[in-house]
Amino acid sequence: MNDNNTPNDWLFEITPKNKFFSLNLKEVWQYRDLLLLFVKRDVITVYKQTVLGPLWYLIQPLFTSITFTIIFNNVAGIDTGTVPPFLFNLAGITVWNYFTACLTGTSDTFKANAAIFGKVYFPRIITPLSVVISNLVKFGIQFLIFIGFYIFYYFQGANLGLNGLILFFPILIIIMGILGLGFGMLISAMVTKYRDFSHLIGFGIQLLIYLSAVMYPMSLIKDKLPGYGWLVEYNPLAYIIETARYMLLDVGEVSVLGLSYTLVVTIAVFFIGLLVFNKTEKSFIDTV
């Protein structure tokens, strides 16, 4: 650009953002090609040099469901009503896996992408967004496996039925993804200063799964452990998983109050995570 041109002749002007809160949807749309590129990278390259490749998407939920069936249903004797225990567990695990994939994938955003962030400008929110979108592909593969076993048990004579609320199932998954994104952005900001958080995530997820009603109905905790039931009742993930099973298997119950609470928590966590994420992106390069 020559000296005779004015600043208005620039196509784009990159300036520091002074807004503490900014979702930059317009800018994200401008960089949609980069978003799709990141999604493709996350889906293809992760298992590109593995022996089993995409089969890992299937092995994990199947083996986890088998383990839960043996331990919690066969040994501990947890009753799943008319639904086969394996299918009951597979439904919970399939939904739960999407949350954990979003959380773990976005919780290391700044550290994992420091080299890219330090060289070229693009809306940083694109990176965690690509993780949430790419995990929808993985969720779709695992959900097809659930459908396959559902059909198998149906023709085996199991008393199965879809609930009319199944039409709202995609909305439930979106809420799960937004919740994972919010927590992930919050943790990714903390990891830039406190590396310990990256080691605690795996441990925290292992504990959280037992408080999220993944392998048991919420009513069981209320009946068997009323003194500790509040740990599950205040967990928004438990209401999502319980509602998902109600939609897919027509078992359990739907709590309108619980879902309202879940929606409020999800929105709050997302906005808090976004605020912290936007603040951290301005100075994280000095601490990573």
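For the structure itself, consult the block above.
This text gives an overview of the structure that appears in the document.

So, on to the overall build of the protein. Helix and strand content of the protein: 13 helices and 0 strands. Going residue by residue from the N terminus, the α and β elements of the protein occur as α-α-α-α-α-α-α-α-α-α-α-α-α. In the protein, buried positions account for 44% of the 288 residues. Counting contacts in the protein only where the partners sit at least 6 residues apart, residues at least 24 apart contribute 81% of the total. Here the protein displays about 16100 Å² of accessible surface, and carbon together with sulfur accounts for 66% of that area.

Here helix α2 (residues 32-44) contains 13 residues, and its C-alpha end-to-end distance of 18 Å stays within 8% of the 18 Å for a straight helix at 1.5 Å per residue. Listing the buried residues of α2 in full gives Leu35, Phe38, Val39 and Asp42. Taken around the axis of α2, the buried residues stretch over an arc of 100°, which confines them to a single face. Opposite the packed face of α2, turned more than 90 degrees from it, sit the exposed residues Asp33, Leu36, Leu37 and Lys40.

Glancing now at helix α12 (residues 236-249). Helix length check: α12, at 14 residues, gives a terminal C-alpha distance of 20 Å against a target of 20 Å (1.5 Å per residue), a fit within 8%. Burial analysis of α12 places 14 of its 14 residues in the buried class, the great majority of the element. Sitting at the head of α12, Asn235 places a side-chain oxygen 3.1 Å from the backbone nitrogen of Leu237. Where α12 ends, the next residue or the one after it, Asp250, has phi of about 60°, a positive value.

Turning next to a nonpolar patch on the surface. Together, Leu211, Leu225, Tyr228, Trp230, Leu231, Tyr234 and Tyr261 give the surface a local cluster of nonpolar side chains, amounting to about 720 Å² of exposed area. Topologically, Leu211 is positioned in the loop between α9 (196-208) and α10 (218-224). Note on Leu211: relative accessible area 32%, which makes it partly exposed.

By size, the foremost hydrophobic cluster in this structure holds 67 residues, and its most contacted members are Phe146, Phe169 and Leu249. Discounting chain neighbours no more than four positions away, the residues touching Phe169 are Val95, Phe139, Phe143, Ala244, Met247 and Leu248.

Our focus in this paragraph is the pattern of salt bridges. One pass over the full model with this rule turns up 2 salt bridges. Between Arg41 and Asp42 there is a salt bridge, and its shortest N-O distance comes to 3.3 Å. Residue class for Arg41 comes out partly exposed when judged on its relative accessible area of 29%. A salt bridge links Glu242 to Arg245; its shortest N-O distance comes to 3.2 Å. One end of the pair is Glu242 and the other is Arg245, both in helix α12 and 3 residues apart, which spans about a single turn. When its relative accessible area of 6% is taken as the criterion, Glu242 is described as buried.

Right, let's get into the packing of helix α4 (residues 85-106) against helix α8 (residues 169-191). Where α4 meets α8, the axes come as close as 7 Å, and the angle between the chain directions of the two elements is 30°. Taken together, the axes of α4 and α8 lie roughly parallel to each other. The element α4 and its partner α8 pack so that their crossing is right-handed. Across the interface between the two elements, Val95, Tyr98, Phe99, Cys102, Leu103 and Thr106 from α4 touch Phe169, Ile173, Met176, Gly177, Leu179, Gly180, Leu181, Phe183, Gly184, Met185, Ile187 and Ser188 from α8. Residues belonging to the contact of α4 with α8 are distributed by class as follows: 13 nonpolar, 5 polar and no charged.

Quick notes on the rules
Residues numbered from 1 in each chain as written. Predicted model: local features only at pLDDT ≥ 70, side-chain atom pairs only at ≥ 80, totals over all residues. Heavy atoms only, no water. Helix = DSSP H or I, 4+ residues; strand = E, 2+ residues; numbered from the N terminus. Buried < 20%, exposed > 50% of the residue type's maximum accessible area, 1.4 Å probe, protein only. Contact = heavy atoms within 4.5 Å. Areas by Shrake-Rupley, 256 points an atom, 1.4 Å probe, with all protein chains shown as cover. Expected span 1.5 Å × (residues − 1). Arc of directions from axis to C-beta. Polar contact = N/O pair within 3.5 Å; in protein donor to acceptor, adjacent residues only side chain to side chain. Patch = residues over 30% accessible without salt bridge, like charges linked within 9 Å, V, L, I, M, F, W, Y side chains within 5 Å. Salt bridge = Lys/Arg side-chain N within 4 Å of Asp/Glu carboxyl O. Core = buried A, V, L, I, M, F, W, Y, C linked by side-chain atoms within 4.5 Å. Axes fitted to C-alpha atoms, helices over the stretch in contact; angles between N-to-C directions. Parallel < 35°, antiparallel > 145°, perpendicular 65-115°, else oblique. Left-handed = near helix turned anticlockwise from the far one by under 90°. Nonpolar A, V, L, I, M, F, W, Y, C, P; charged D, E, K, R; others polar.

Note that every value here comes from positions in space, so none of it alone points to a role or purpose.
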